[in-house]
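# Geometric and topological summary
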Amino acid sequence: MKFLRCKIIPVFVLLGMLFGVLACEEAVDWEFQAGSNDVLVVEAILTDEFVQQEIQLSLSFDTLNGIPTPVPDAEVWVEANDISYRFLPDLESPGRYRSEFPFAVLDDLLYALKVERKGQLFTATTELSVVAPLPAITFLPYENTDSLRIPNFAPIYNANQQAMYELNVDWSHLVGEDSARAKLLYFTFSTINTGSLIRPAVDTLAFPKGSIVVAKKFGLNPDFADYLRAMALETQWRGSVFYGPAANLPTNLDGGALGFFSACAVLVDTLVAQ
């Protein structure tokens, strides 16, 4: 009887080779090239909360860690079901526009954003997303101190849902300093990049017991999830050997603008950290 001789490569060797490739980094000097700047950038997330909805407008720039120039001179409105919602400039925060009256985004309606500036019209459409239940949020001790931290409660990958989590932590009432606040963002995608299976190293936020945590979960439409995923790859996840070269993020805006217009169903919970 003849036997076939097979060469078996242990799984951990393959994983080591894979992560070794993904972990390779090399310091380089970037030479920024001036691009076509002063392009309108739209940040517009409407929600199903009955509130004054907000839209942020600014101009693009090509300086590292630059400060965007706000756009206070545009006409902004949203249309749905033959109803027009006008957005007015916020005089206390240039570039921010707030709806003239509170309203909530409704399911099964198409919402159209229109921004007119200097004779040019920028448009986009979206529909309300769905949102899965908000997972339980727990608090863990931070090292050997009395402070607390929030563990990674949101999975990067879930085949059945896509979401953005915004956690606003406030302990200003405990220390008497208005700056004692922080915002944390987490993402869950139904498709991810191979190099994103391991979370990047980030600073841990430590805060005292008694802090107030407002957790918001935004359901994401597939196209808005693609936009946020591309943003994460270019920033938090730093891309990988399986991802293409850096480029402008995808957008659903017509007319040459950057950014995105989306409508998200939202769940909100308020907790006291103990």
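Looking now at the pattern of salt bridges. The final tally for this structure, using the stated rule, is eight salt bridges. Here Asp 170 makes a salt bridge to Arg 181, at a shortest N to O gap of 2.7 Å. Taken together, the residues Asp 170 in strand β11 (residues 163-170) and Arg 181 in strand β12 (residues 181-188) connect sequence positions eleven residues apart. Overall, Arg 181 belongs to the partly exposed group, its relative accessible area being 43%. Among the salt bridges present, the one from Asp 178 reaches Arg 181, with a minimum N-O distance of 2.8 Å.

A few words on helix α3 (residues 222-234). Helical geometry note: an α-helix holds 3.6 residues per turn, so side chains three or four residues apart project in the same direction. Given a rise of 1.5 Å per residue, 13 residues ought to cover 18 Å, and the 18 Å separating the end C-alpha atoms of α3 matches this to within 8%. Looking at the buried side of α3, the elements it contacts are β1 (40-47), β11, β12 and β14 (258-264).

Core analysis: the largest hydrophobic core is formed by 29 residues, its most contacted members being Val 42, Ile 55, Leu 57, Val 76, Phe 87 and Leu 113. Contributing elements (two or more residues each) for this core: β1, β2 (54-59), β4 (75-80), β5 (83-89), β7 (111-117), β8 (120-126) and β14. Look past the residues within four positions of Leu 113 in its chain and what remains in contact with it is Val 42, Ala 44, Ile 55, Val 76, Trp 77, Val 78, Phe 122, Thr 123, Ala 124, Leu 253 and Phe 261. Among the nonpolar cores identified, the runner-up in size contains 20 residues, and Leu 148, Ala 154, Trp 171 and Phe 207 belong to it.

This brings us to the confidence of the model for the chain. The predicted model of the chain averages 84 in pLDDT, with 78% of residues at 70 or higher. Below pLDDT 50 for its whole length, residues 1-24 participates in nine contacts with residues either more than four positions away or in separate chains. The model gives residues 239-246 a pLDDT under 50, and that stretch makes 16 contacts with residues more than four places away or in other chains.

Time to look at the environment of Gly 95. Here Gly 95 is to be found in the loop between β5 and β6 (96-99). For Gly 95, a relative accessible area of 2% puts it in the buried group. Along the chain, Gly 95 and Leu 57 lie 38 residues apart, while their C-alpha atoms are 5.0 Å from each other. Beyond its immediate chain neighbours, meaning those up to four positions away, Gly 95 contacts Ile 55, Gln 56, Leu 57, Pro 70, Val 71 and Pro 72.

Along the chain, Ser 262 falls in strand β14. Given a relative accessible area of 1%, Ser 262 falls into the buried group. Here Ser 262 is in contact with Ala 44, Ile 45, Leu 46, Thr 126, Asn 221 and Phe 224, once residues within four sequence places are set aside.

Along the chain, the position of Lys 217 falls in strand β13 (residues 212-219). Notably, Lys 217 is buried but unbridged: the nearest opposite-charge side chain belongs to Asp 269, and the N-O separation is 12 Å. Among the polar contacts made by the side chain of Lys 217, one reaches the main-chain carbonyl oxygen of Pro 133 at a distance of 3.0 Å. Engagement of the side chain of Lys 217 in a polar contact is seen with the side chain of Tyr 165, the distance being 3.4 Å. In this view, Lys 217 contacts Val 131, Ala 132, Pro 133, Leu 134, Pro 135, Gln 161, Ala 163, Met 164, Tyr 165, Ala 265, Val 266 and Leu 267; residues no more than four positions away in its chain are not counted.

This part takes up the pairing of β8. Regular strands have side chains that alternate between both faces of the sheet. Strand direction decides the pairing type here: β7 and β8, joined by seven bridges, are antiparallel. In the strand pairing of β8, Tyr 111 is matched with Thr 126. The hairpin formed by β7 and β8 contains two residues between the paired strands, and Lys 118 there has a positive phi angle of roughly 50°.

For the rest of this paragraph, the subject is the packing of aromatic side chains. Tallied over the full model, the rule gives nine aromatic pairs. Ring geometry for Phe 224 against Phe 260: centres 5.1 Å apart, planes inclined by 25°, an arrangement best described as stacked. Here Phe 224 is found in helix α3, whereas its partner Phe 260 is found in strand β14, with 36 residues between them in sequence. On the accessibility criterion, Phe 224 (3% relative accessible area) is buried. Assessed through its relative accessible area of 5%, Phe 260 is described here as buried. Ring centres 5.2 Å apart and planes at 35° place the aromatic pair Tyr 227 and Phe 260 in the tilted group. On the criterion of sequence distance, the pair formed by Tyr 227 in helix α3 and Phe 260 in strand β14 is long-range, its members being 33 residues apart. This pair shows no difference in class: Tyr 227 is buried, exactly as Phe 260 is.

Each value, and the rule that gives it
Residues numbered from 1 in each chain as written. Predicted model: local features only at pLDDT ≥ 70, side-chain atom pairs only at ≥ 80, totals over all residues. Heavy atoms only, no water. Salt bridge = Lys/Arg side-chain N within 4 Å of Asp/Glu carboxyl O. Helix = DSSP H or I, 4+ residues; strand = E, 2+ residues; numbered from the N terminus. Buried < 20%, exposed > 50% of the residue type's maximum accessible area, 1.4 Å probe, protein only. Expected span 1.5 Å × (residues − 1). Contact = heavy atoms within 4.5 Å. Core = buried A, V, L, I, M, F, W, Y, C linked by side-chain atoms within 4.5 Å. pLDDT = per-residue confidence, 0-100. Lys, Arg positive; Asp, Glu negative; His and termini not counted. Polar contact = N/O pair within 3.5 Å; in protein donor to acceptor, adjacent residues only side chain to side chain. Pairing = 2+ DSSP bridges. Phe/Tyr/Trp six-rings, centres within 6.5 Å; stacked < 30°, edge-to-face > 60°.

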